[in-house]
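As a plain string of letters, each chain reads:
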Amino acid sequence: MHRPLLVAATLACFAAPGLAAPASVRIANESVATLCAEEDNVDLRLHSPAVRRFRVEATHPAVIGTIVQDITAPDFTDCTITDKADFRFTPRTVVMHEDDRLKVVGITFDKFWRPEQVPVTVGSRTENGFHLFQLFLKHGTAAPYEFLVMYPVDGYWRLKPRPPAHLPDIVYGTSALIGPIEVMQRPVVNLSAIRFDPATMTFQLSFRAGGSATVKVAEIDQVRVALDVTLERPVSGGPFAGLRSMYVTETNADGARVEWRAAGANRWQEAPVMDFRGGEGIEMKLTRAVPSRHNTSAPDYRFIGFAD
């Protein structure tokens, strides 16, 4: 029987009763309207001068049980994307680690929108120049399941839980940003080095802006993928995390609604993502309530467990 990968102590510190009340963060909405379904126009940023710990979760959308045909093809209708510089590279794929539980792969594309290179270390091996870093979970005789990708050059993370029984796979959609966000054509997190320990499923991130973070894969199952984040120090003067997604209409979106819960409140607040004016919360979600014709099975995202 498959069992979720859990880090019991870490999960307890986010869920155990009797601990200090969660911290509140400011949620800023920098989203802009678009007609293009391939443009990340949804831009939610989290601010706090004190927060050092939080969790990021990707969970199946509410409509996952109704999906008969998953729509995953790109849609370039009404698209004019002009911000890609297309720097050239020598393509390669490198298996950085493989055991009976986990496969770790680094990929360099033939072109990418930024020229920077970030050293990536897995165990004792270091490689430079990856544009994509993939984690695959092994389960019995089934093919390894890719549940996490991250982009070392711009600091984007994408997560997806194991698919439900009626679907062979699901797709990525929304991306998370972890660490000090800077705007360089688009929001990015500039990394100077990445180290991954397969035994503990833990990333060590070094930021070009200063400081570092630990990102631990805490949970993987058919409900969610969860990352527990600990920043070496709070991020002052800017956002410490964020979400990027796309929204054209409610039925053509990877993320359509913002849900947030304020400290002490007895109800959730919610708003269409393009109407959301920002708020304060101890939890925040980006969700979809109806099926989308773009990345139909893509997960919802949640930030919880803010603590200083």
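Here the structure is a predicted model, which is why all the values come from computation and not from measurement. (Residues numbered from 1 in each chain as written. Predicted model: local features only at pLDDT ≥ 70, side-chain atom pairs only at ≥ 80, totals over all residues. Heavy atoms only, no water.)

(A) Structural detail: the pairing of strand β26 (residues 283-287). Counting buried positions along β26 yields 4 of 5 residues, so the element is predominantly enclosed. Bridge count between strand β23 (residues 257-261) and β26: 5 bridges; the pairing is antiparallel. If you follow E259 over to β26, its bridge partner there is K285. Where β26 lies against strand β27 (residues 300-307), 3 bridges are found, and the strand directions are antiparallel. In the strand pairing of β27, M284 is matched with F303. (Buried < 20%, exposed > 50% of the residue type's maximum accessible area, 1.4 Å probe, protein only. Helix = DSSP H or I, 4+ residues; strand = E, 2+ residues; numbered from the N terminus. Pairing = 2+ DSSP bridges.)

(B) Summary view of the pattern of salt bridges. Under the counting rule described, the total for this entry stands at 15 salt bridges. Of the charged contacts in the structure, one is a salt bridge between E219 and R55, with a shortest N-O distance of 3.8 Å. Placement of the pair is E219 in strand β18 (residues 212-220) and R55 in strand β3 (residues 53-59), with a sequence separation of 164 residues. Relative accessible area serves as the criterion here: at 5%, R55 is assigned to the buried category. Note that E219 and R224 form a salt bridge whose closest N and O atoms lie 3.5 Å from each other. With a relative accessible area of 10%, E219 lands in the buried category. On the basis of relative accessibility, which here comes to 22%, the residue R224 falls in the partly exposed class. What you see here is one network of salt bridges that share partners, running through R55, E57, E219, R224, D228, R261, E283 and R302. (Salt bridge = Lys/Arg side-chain N within 4 Å of Asp/Glu carboxyl O.)

Read these as spatial facts, not as claims about activity.
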